[in-house]
Amino acid sequence: HILWLYPDVLNIHGGRGDIMGLLHLCNMLDIPVEIERWDTMRSDIPWEWPDLIYMNSGELKCAGDVVKALERQRSGLDKFVEKGKYIISIASSGAILAQQTERHDGSIVKGLGLLDMDWKERESVWGDDIWFKTPDGREVIGNQIQVADVFLRPGQKPLGELVYGRGNNGGTDEGARTGNVLFTSCLGPLVTKNPEFAADILKRAAEDAGIRVNGILRPEDVEIERKSAEYIKSFMRGKMKRE
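Residues numbered from 1 in each chain as written. Predicted model: local features only at pLDDT ≥ 70, side-chain atom pairs only at ≥ 80, totals over all residues. Heavy atoms only, no water.

Caption draft 1: The overall build of the protein, seen in detail. Check the secondary structure of the protein and you find 7 helices and 12 strands. Expected size for 243 residues packed as a compact globule is a radius of gyration near 18 Å; at 17 Å, the protein falls within 12% of this value. C-alpha atoms of the protein, sized along the principal axes, occupy 45 × 45 × 30 Å. Across the 243 residues of the protein, 49% fall into the buried class. Contacts spanning at least 24 positions in sequence make up 69% of the contacts within the protein whose residues lie at least 6 apart. Of the accessible surface of the protein, which amounts to about 11,700 Å², a share of 49% is contributed by carbon and sulfur atoms. Where the 32 positive side-chain charges of the protein centre and where its 38 negative ones centre are 2 Å apart. (Helix = DSSP H or I, 4+ residues; strand = E, 2+ residues; numbered from the N terminus. Rg over C-alpha atoms; globule rule 2.2 N^0.38 Å. Buried < 20%, exposed > 50% of the residue type's maximum accessible area, 1.4 Å probe, protein only. Contact = heavy atoms within 4.5 Å. Areas by Shrake-Rupley, 256 points an atom, 1.4 Å probe, with all protein chains shown as cover. Lys, Arg positive; Asp, Glu negative; His and termini not counted. Charge placed at Lys NZ, Arg CZ, Asp CG, Glu CD.)

Structure follows, in structure tokens:
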């Protein structure tokens, strides 16, 4: 069960493409799947239903409203996280999961604190390709449009280590992960550019939900994506040499 959270508010940088990619991958892996949009922040989420919550990127100014809507349902959210269910947050939606975000005007917007990180809105927007490796060896590529610097607090693990691009605050760490709560600045859309990375998450989420996963991604199933990734990585290697 995949819950597409507040797509009318968190609605930039190709989120619909990722949802379509998740559906397609589930079909390829023979995972029975239901995807539900949750559009209104005024009604409570049925927390017992979803196995995975997907949060697309949205305008940074919307983060406070989303936090208020979820804080009102904090007990259900905390139980969801304690059960090891998945939350995937893309780009600026990561501010919702942070401890806090400092805006240009000096105001502080509190986050949910599910990831131990702080955000600071940038004076300028950073855009470029991105390439990073996860601790289990997966390589993830895409684009990034950073509107804030991300500072991981001591003990907070990143999602991966940067190969090319700009890390959370200009360093080598990319994203953040605590348990099955994930944040990445990688757009692309993430899922359609990185089907094997996404398939790993889907298989674990399905198995945690008691669904036996018999399907596999064969090399020929993702041949186009692999060839595209190698071309893009070659392009980034060229930029690294020039830098």
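Caption draft 2: Up close: the pairing of strand E7 (residues 117–133). In this sheet, E7 lies alongside strand E5 (residues 100–102) in parallel orientation, the contact comprising 3 bridges. Counted as the bridge partner of Thr 101 is Trp 119 from E7. The loop that links E7 with its antiparallel partner strand E8 (residues 139–152) comprises 5 residues; one of these, Gly 137, has a positive phi angle of about 95 degrees. (Pairing = 2+ DSSP bridges.)

Caption draft 3: Structural detail: the pattern of salt bridges. According to the stated counting rule, one finds 22 salt bridges in the structure shown. The salt bridge partner of Asp 8 is Arg 37, with a shortest N-O separation of 2.9 Å. Placement of the pair is Asp 8 in the loop between strand E1 (2–5) and helix H1 (15–28) and Arg 37 in strand E2 (residues 35–38), with a sequence separation of 29 residues. For Asp 8, a relative accessible area of 48% gives the class partly exposed. With a shortest N-O distance of 3.0 Å, Glu 230 and Lys 233 are connected by a salt bridge. One end of the pair, Glu 230, and the other, Lys 233, are both in helix H7 (residues 223–242), 3 residues apart, so they sit about a helical turn from each other. Relative accessible area serves as the criterion here: at 8%, Lys 233 is assigned to the buried category. (Salt bridge = Lys/Arg side-chain N within 4 Å of Asp/Glu carboxyl O.)

Caption draft 4: Representation of the nonpolar core. The biggest cluster of nonpolar side chains holds 34 residues, and the ones touching the most others in it are Ile 31, Leu 52, Tyr 54, Ile 90, Ile 201 and Leu 202. Contributions of two or more residues to this core are made by E1, H1, strand E3 (52–55), strand E4 (86–90), E7, helix H5 (190–193) and helix H6 (195–208). No other element matches the 7 residues that H6 contributes to this core. Ignoring sequence-local partners within four residues, the contact set of Ile 31 consists of Cys 26, Leu 202, Lys 203, Ala 206 and Val 213. In this structure, Leu 10, Met 55, Val 67 and Ala 176 belong to the second largest nonpolar core, which totals 32 residues. (Core = buried A, V, L, I, M, F, W, Y, C linked by side-chain atoms within 4.5 Å.)

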